[in-house]
Structures are given as structure tokens and as C-alpha cells.
Amino acid sequence: MASPPPARQHKARLRADMSLIGGIRPPIAVLSVLLLTLSGITALVLGRVDNTGVPKAVLTSQQHFAEDGAIALRASIDESVKDVTRSAALFSAGQPVTGDAVLDKLGSTYQKWMGTAVVEIRTGKLVAARGETVPLTSVDLSSLSGEDGLAPRMVQQQNGEVRLLSFGLLTWPGKPQLLLVASRNLKFPGISLGQFRSIAVVDSGGTILSEDGIADPASARNSIDRKDLTASREQLKEFAGQAARRAQQDPRSSKEPGTGGYQGVSGSLLGGKLSGDRSVAGYATLAAAEPGERTTATGLGLSVVSMVRVTEESGRAQSPVFGLATGGALLVLGALAVAVLLGTVQRPLLRLFLESRRLTRGDLTRPVTVPGYGEAHRIGGALERLRRQLLGESPEDTGPAVRPSGVRRVGTRALLAVCAVLLLAWSAPLMLLVNRADSTAEVPRQLVNDQRERTDTLSDRVRRALNEGDADLQSVASLIGDKTSPEAMQTVLERTYNENRRYRSLYVVDAHGAIQAREGKKPKVIQANRISDKPLRLLGRGGKEPVVVAAAEIPGRGGARLVGEFRVAFFNALLTRPGLGVVRLVDDHNKVIAGNTGFLAFQPLPDAHLKDLVEASTQRLGKKPQPSGVLYRDNGMRIAAAAPFSGGGSAQSLHWSVVSWQPVDHLPIPEYDTQNRTVLAGLLGAAAAVACLGWLHMVVARPMRTLADRAEALAGGDRKTVLFPQHHDEVGAVTRSLELIRQQLQGQRRQQPRRTPPPGPNPPGTGGARQDPPERQAQPPYQEPYPPQQYPPQQYTRN
């Protein structure tokens, strides 16, 4: 079989010598693959048309609304159960009282139960009752002594309504053991629904236990309204069934990785059209605030479903032609850039490699083909001069190095810059100019409504937390009385402090403010400010931390009071809600008290718009102030809302407000989604260009400049400088060939006969013969210490 041509064998050896990760080929190949992939992704992503009609931001907002309802319901149930058990324990620690006294005291302190009752456990006799009839027939008194016998349970009344029963034991020495029972419904406390919204509590089987927001169809004014209400109830039942099925999954797998947020299962649902509007819903299971924690409410298997009807947004029509045109433009520019790299950078370098390898093999008959531009032209010129020197000419005969002029001066760096300009001409407009969402972007009105209603719900939650804290102190203070010993008082404070993590410090003071018993951290309130007739106060203005204080008078102790200082972290945790942006709790002077992000105590709101919004929300419209929500389009689009305390209780006198705001560009709105995808495509294109062209600059452009200088120096007569290749690539191969040529030129120089100096006149007294100095005469004739060796090209390696 005939052997392949020498040129083909040479190219095969070239491919074998080149490194897989170095050289000029890998960066150009990677750049080609990246540009081709990015072109396809751009055509698909930027040309995608979303025809759902409901922006993702609206669906996500409904999910967050359901999470707010689940948090409020879970906190309400847990607090209600805890109040029953704590009150029973406090009554049992004191002197025996009648069942009527227990219920009267409980009713005057808390107003959260539909009905309460006291039952004698041994006989089942009803001792006392208040409010609606408690369904005691559903309670098996004989099972109370078993495991979880006092756990709360849900029972259904004859009218179909569901009640949650909570239990506590009243135990006194020598007295029959009594059972305290409190009944409450599953209504949501303080949820602001707004218009066209309904909310429901669903059990694990998808049955609606309670609902709010949809009127009874029988109360409709006409047949059209009746049909509309009936269809809304059917849609809510359908959503309830879907939510119950989805609630069975693991919370960790119900969300996208890295989203975090709510600890339970939550999501959004898209329903059908009704009267031209689309029904959307959010659902959330009752979950504890911390991962892995279980509470009474979380063990009931309940879920919250909120439904609202929204108008479908037509949005700005986007054609897939834009994505196809953008991807095609990248293909054209990318192909042009790759062609420039192949024709002006890769091909000349490979030609230099072949020419240098030919010279090292001794093929000197044919002149070197010199590339036309930049460093490659300089290296090719140097190789031609070295070829002539290998044929016997001196460096002086070959002439000096001729630097290219005009267009031939364009080097590798300039060519890489041209390619960078071509690719950035596609990336820069996408990052800075194309598909920009300006101040005229369409923001769904539902987002503004949801921001307002969620802020109002959060404001009510903070107000209820303050009222519950004040009620707890009043309950504990009334049970301490005038006969409690200091040791027993300390025990009561310790139990209350451990059960209520809202306090940083609990202490009892006398009429002069001196502390008689304390639990928790050192009080921040000075002695002169510990006595006040106000149940709730805000102190610490001018300091580093606000101090919220609640106090309740202890009956029969001459003006002594039980004082509790709230933790600021407790309010910060209440304000932490996903999807609301920045949330601040402000006092009656619009100074910040707490927030879900970092803040300075008593600092003003960041701008005058928010201050005006808070002041506008405090104006009474009817019987009470109303929350406000607005979309600001100046200085960056953002949604803001403010909600003052309203609803009664001791916290109402504080006149605090909750204000929230968030930039619109962080929301998944179609205009901003398109802008973000466009910017991302531009960034990816710029990153690919910078990475691959920077790679080429490091492995090709910069080494070639150094190699051009060394090649010209070698051609100019420098035989002492050893040329070491830095990388195992094309440039390194040319460097190795030049080193071999240098060694060959050195060998030629040693093999040339030495020139004898012409005879000259002898100094006087030498007798006509030239005499060397004595030290030269004593030395033996010079011999080469190491004979010159010739290294074939295939045996030369870098040390």
C-alpha cells in the first residue's frame, strides 16, 4: 500500500503534537459552539409569547395572600389553645373558685371564643356556661386521661358549622376536677379581603369548613347575580379539592429550589372564566414558623384557599419575529467573527508552524511563505532570514528586520479587538437599549390591591399581637392578686415568660417602680417610667432601640403592676412576609420602630411620598381610617401601601401604621420579564466574547508578540538566548523549532575554521618571532569541554 503524501503526514503529526486544552483551535471552537447555542436560545426565549392572560406576578401574589391567611389562622388557633391551657393552670395555682367566676374572668380578659363551659369530669355535670352552646356531646370525657386526651379537636354542629374545642384542667386539692372547654370558629382574624375576593378553610379531604367573601346565592337581587354567586361557589369548591390534593406533597418539593420563604405547601391555581374575568387562587397549608416545628394548628391538617377574579391583561403584543431576527443577527456576526479568527489568526499561525518545522528538517530550498499581517509577518520574515543563514549567509548579509507598515501593521490584538467589536455590537444594544420597560409599563391593578390588602392584614396582625400581649398581662396580674408569695410570683413569671416569647423581660414593680420579682433580661425602662396608667407605651426615643412596654395593675397590692417589655425581634418577625418588599412599622410621628430588613430606630421614612401615603391613610373615611395603596411612576416604578391600626383594643391608642413598598421591576410582569431575558441574552453574548477572546489573547496574541521579538533577535545574530516554549501549542511548537535552528546555527559557527590574524611587525628584541605572555605560554591549547551535539526535532523536549 502506498504511503500518504508527506504533507498529509506532516499535518497528522501537527494534530498529534497539539494539546487538547491549549493552542488556537479550542477557544475558537468553544466560541463557535457558544454563539451557536446562544443564537438558538435567543430565538426561543425572546420569541416566546405568553398567552395565559394572567401575569405570573398576579398568581404569585395570590399565593402570598393565602400564606398570609394561613399564618394568621395558625397563630390565632395556637394562641387560643395556649390561652385556655395557661388560664386553667393559673386558676389551678390559686385558691379554688367557682366555674362562673372562671368564665367571667376569662370572658372579661379575652373576647375570642364563641362559647365557654366548665364541666365536672367525674359526673359530666355542666357547672357553668357562657356564649353559644358548646357541643359537649361530641366530647368523650372518659378519654381525657389517655394520650393526647386534652388535644384540641374539631366537631361539626347540626347546622353544618365546624367548631374547634380547646381544653384545660381546673384542679384544686379536695375539690372535684373540672374541665374548662372553649369553642371557637375557624374564621380568619383580621384578613382584609377587598373586593371580589373570597377565602376558605379546607380540611385534608377538600371539604370547605368555613368561607368568607361569597354571599349566599339566596340573597341575590336578581337571577344574574344568583348565577354568578353559584358559579363562584362551585369554582371555590373546585379550587379546594385541588388544594387538598396538592397539600399532600412534601413542602420541600412543592417549591422551586432556592426559593425558600413559606415553610408549608403553597402555590397558585388558575381557573376558568366567569363573566369575562379569570378566577385565580392561592393555597397554603398551616405550617409553623420554623422548619421541623409542630404546633397544635399544624396538626389539624387544614389549608387556606383564597380566590379572586381578575381581568385578563392583553399586554403589549410580542411577535416571535423579534427572537428569530435577534438569533439570526447573532449567527451572522458570530460567523463573521469566527471567519476573521480563522483566516487572519489561526491559518497564519499554522502556516508558520509548518514552515518552521520544514526548516528544522533541513528543507531549505524553498523560501518561507511569509504571512501578510502583524506578528505572523514578523515571525515569517525572521524565518526567511534564518533559512538564508542556514544556507551559509551571515546575519549582516540577510539584512535587518523590516517592520511592516500600513495595513500590515495590524497585529493579533487588533484582530481580536475587531472580533470583540463585532460581538459587542450585538450584545450592547440588548443590554442597554432593546426591550426596555419604561415608566409606561402596564402594571396589573390587582398587584396594587394585593399590596394594600396584605399590608392591612399585616397591620391588623401586629395590632392583635399587642392586644394579646396586654391581655396576657392582665390575666396574669389578676390571678396573682394580693396573697401570692414572692416565690409563687416568681414561678408565675417564669411560666409566663417561657410560654410567651414576645417579651424580653417580665417584672413586678411596687407603687414606686421598684422591682419585686423579675424574669428575663435586665429592664430597659428606668424606675421613674415603670408606673403609668397607659396599658401600652412606646419609650426609648432618641436611643438605639425602641422599647415597647405593656403594664397591668395587680389588684389588692396598692398600685403594684406587672410590666412586660416586648422584644423588637418579635415585631420584626411579624413583619417578615414574602412578596411585600420592604415593610416598616412606624409610630404616630412616622418614625420607624420595626422592619423586615435592617433599619435605624426612630429614623424617618426614606422619602416624602411614603410619608404622605401614611398620613393619607390615617384620615378617617367613615367610622375608621382605611388602608391606601398607590403605584408611583417617578424615580423608578414601585408599589406602596400603608395601613393604620384599626379595630379596637389597647393597641389602637398607639396610632401606629404599617407601610410597605417594593420596586415593580422585581416582579414577574411581562414587560420586565422580556427586559430581563433580553439583558440576560446580551450578558451571555458579552461573556462568551470576553471569555473566548481573552483566552485567545493569553494563549496566542501575547506569546506571539514575545516570539516575534525573539525570532527577530535570533535572525539578527543573537545566538546566546535560549528559546523556551511556554505552552505545548502552536506558538510553543514554533518556539521549539527556532531553538533547534539556533542550535544548528551555533553548530555551523563552531565547524567553521578559525581565521588566523595577518602577520605584523614584531616588537623590538623578539628576534623576529612573536612571543606570548608567560601566562599564555603556560596554558595548554584550548579544547571544547563538550562537543557540539545535534538534536533531531522529534527528540527535543522542554526541561
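By convention here, each chain's residues receive numbers from 1 onward along its written sequence. Predicted model: local features are reported for residues with pLDDT of at least 70 only, side-chain atom pairs are reported and counted for 80 or more only, and whole-chain, interface and lining totals are derived from all residues. Excluded from the side-chain calculation are hydrogens and water; included are all heavy atoms of the structure.

S.K.: Report on the environment of I639, specifying residues and quantitative values.
M.R.: Strands are runs of DSSP state E lasting at least 2 residues, helices are runs of H or I lasting at least 4, and numbering of each runs from the N terminus. Tracing the backbone through its elements, the reader meets I639 in strand β19 (residues 638–644). Whether a residue is buried, partly exposed or exposed follows from its accessible area with a 1.4 Å probe, protein chains only, as a fraction of its type maximum: under 20%, in between, or over 50%, in that order. Look at I639 and you get buried, because its relative accessible area is 1%. Measuring from C-alpha to C-alpha, the distance between I639 and R452 comes to 9.2 Å, with 187 residues separating the pair along the chain. By the convention used here, residues are in contact when the closest approach between their heavy atoms is within 4.5 Å. Excluding anything up to four places from it in sequence, I639 contacts V443, L447, V448, Q451, V630, L631, S660, W661, Q662, V664 and L667.

S.K.: Outline the sheet that holds strand β7 (residues 208–212), listing residues and values.
M.R.: When DSSP finds at least two bridges between two strands, those strands are taken to pair. Spatial strand order, β7-β6-β10-β9-β8: 5 strands in an open sheet with antiparallel pairing. Edge positions in the sheet fall to β7 and β8 (266–274), since each has one partner strand and no second. Averaged over all neighbouring strand pairs, the angle between strand axes comes to 20 degrees, with direction disregarded. Both strand β9 (residues 277–285) and strand β10 (residues 303–310) contribute to a ladder of 8 bridges, which runs antiparallel. Its bridge partner lying in β10, A284 is registered against V304. Each of β6 (197–202), β7, β8, β9 and β10 is contacted by helix α5 (residues 223–246), which is oriented at about 150 degrees to β8, the strand it contacts most. Structural elements are reduced to axes, namely lines fitted to C-alpha atoms, with helices fitted over the stretch in contact, and the angle between N-to-C directions of any two is expressed from 0 to 180 degrees.

S.K.: Quick rundown of the sheet that holds strand β12 (residues 515–520)? Include the residues and the values.
M.R.: Within the open sheet, the 5 strands sit side by side as β12-β11-β15-β14-β13. Their pairing is antiparallel. The open sheet has two edge strands, β12 and β13 (536–539), and neither has a second partner. The average undirected angle you get between the axes of adjacent strands in this sheet is 20 degrees. Summarising the sheet, strand β11 (residues 503–509) and strand β15 (residues 561–566) pair through 6 bridges and their orientation is antiparallel. What sits directly across from V508, in β15, is L562. This element, helix α11 (residues 486–499), spans β11, β12 and β15 of the sheet and lies at about 30 degrees to β12.

S.K.: Which residues make up the pairing of β10, and what values go with them?
M.R.: Looking along a regular strand, one sees side chains alternate from face to face of the sheet. Across the 8 residues that make up β10, a large majority, 8, are buried. Residues of β10 alternate between two faces, with S303, V305, M307 and R309 on one and V304, S306, V308 and V310 on the opposite face, all of them buried. As paired elements, β6 and β10 share 6 bridges and run antiparallel to each other. What sits directly across from V202, in β10, is S303.

S.K.: Could you give me a rundown of the nonpolar core, with the residues and numbers involved?
M.R.: As used here, the term nonpolar core means buried Ala, Val, Leu, Ile, Met, Phe, Trp, Tyr and Cys residues forming a set that is joined through side-chain atoms within 4.5 Å. Membership of the largest hydrophobic core comes to 51 residues, with the highest contact counts inside it found for L341, I379, L383, L696, V700, L738 and I741. Where this core is concerned, the elements lending two or more residues are α2 (25–45), α6 (320–360), α7 (374–390), α9 (412–432), α14 (670–715) and α15 (730–751). Looking at this core, the element that brings in the most residues is α14, giving 14 residues. Excluding residues within four positions of it along the chain, L341 makes contact with I28, L31, Q346, L416, C419, L693 and L696.

S.K.: Explain the packing of α2 against α14 to me, using residue names and the numbers behind them.
M.R.: Packing of α2 against α14 leaves a shortest axis separation of 9 Å and a crossing angle of 175 degrees. If you check the angle between α2 and α14, you find them roughly antiparallel. For the pair α2 and α14, the contacting residues are P26, P27, I28, V30, L31, L34, L38, T42 and V45 in the first and R677, A681, L684, G685, A688, A689, C692, L693, W695 and L696 in the second. Looking at the contact of α2 with α14 residue by residue, the class counts come to 16 nonpolar, 2 polar and 1 charged. Working rule for angles: under 35 degrees goes down as roughly parallel, over 145 as roughly antiparallel, 65 to 115 as roughly perpendicular, anything else as oblique. The nonpolar class holds Ala, Val, Leu, Ile, Met, Phe, Trp, Tyr, Cys and Pro. Asp, Glu, Lys and Arg form the charged class, and all remaining residues, Gly among them, are polar.

S.K.: Help me get a handle on unusual backbone geometry, residues and values and all.
M.R.: In the Ramachandran plot, F602 falls in the positive-phi region, its phi being about 65 degrees despite a non-glycine side chain. Turning to its location among the elements, F602 is positioned in the loop between β17 (592–595) and α13 (608–617). When its relative accessible area of 12% is taken as the criterion, F602 is described as buried. Residue H655 is not a glycine yet carries a positive backbone phi of 60 degrees. Structurally, H655 can be placed in the loop between β19 and β20 (657–663). Since its relative accessible area comes to 52%, H655 is described here as exposed.

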